[in-house]
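Close look at the chain arrangement
Next come the chains, spelled out residue by residue.
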Amino acid sequence: MKKTTTSFYDILGISSATFCLVHCLIFPVLTILPLGLIHNPIIDLIFASFGLFAIIKIIKKSSLLVSSILVVSMSLIWISILSEIVFEIHLDLIYFGGIGMIIGHLLNYNLHKKQNH
């Protein structure tokens, strides 16, 4: 049961971080088109909340390396989102945080696969 639960949270984290990264990279291009789209940091906050939920469940059972990568990456994401909400400043930290989240979840997923097989 633990193996399935951890895999679920890793897959949730990988998916959320990937969707977030794609959103962050493609959305600026879409705002150039005359579609009436505007950037809303609440969407970033929703992606970050899913990621935070996943890493809280994962870091308790992960190695120090994976936990460190996930915590630092999530911190970069939250700093970027909150700076945009509070100060209306866009920081590129969110891209590095998204990439770090994907790497951290993939490492954790692979480590658990090796341990359970």
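Definitions and limits used
Residues numbered from 1 in each chain as written. Predicted model: local features only at pLDDT ≥ 70, side-chain atom pairs only at ≥ 80, totals over all residues. Heavy atoms only, no water. UniProt positions renumbered as here; feature names shortened; annotations may be inferred. Helix = DSSP H or I, 4+ residues; strand = E, 2+ residues; numbered from the N terminus. Axes fitted to C-alpha atoms, helices over the stretch in contact; angles between N-to-C directions. Parallel < 35°, antiparallel > 145°, perpendicular 65-115°, else oblique. Left-handed = near helix turned anticlockwise from the far one by under 90°. Contact = heavy atoms within 4.5 Å. Nonpolar A, V, L, I, M, F, W, Y, C, P; charged D, E, K, R; others polar.

Per an unreviewed UniProt entry, the protein goes by MerC family mercury resistance protein and derives from Flavobacterium resistens.

1. Describing the UniProt feature "transmembrane region" (unreviewed entry) in the protein
With numbering aligned to this structure, UniProt lists the feature "transmembrane region" (unreviewed entry) at residues 12-32, 38-56, 63-81 and 93-111. In this annotation, residues 63-81 is assigned 95% helix and 0% strand; the end-to-end C-alpha distance for the span is 27 Å. The annotated region residues 93-111 carries 100% helix and 0% strand content, and the separation between its end C-alpha atoms amounts to 27 Å.

2. Observations regarding the packing of helix H2 (residues 41-59) against helix H4 (residues 93-115)
With their axes 12 Å apart at the nearest point, H2 and H4 run at an angle of 30 degrees to one another. In terms of orientation, H2 lies roughly parallel with respect to H4. Pair H2 / H4 crosses with left-handed handedness. In this structure, H2 uses Asp44, Gly51, Ala54, Ile55 and Ile58 to contact H4, whose residues at the interface are Ile94, Met101, His105 and Asn108. Of the residues belonging to the contact of H2 with H4, the class tally is 5 nonpolar, 3 polar and 1 charged.

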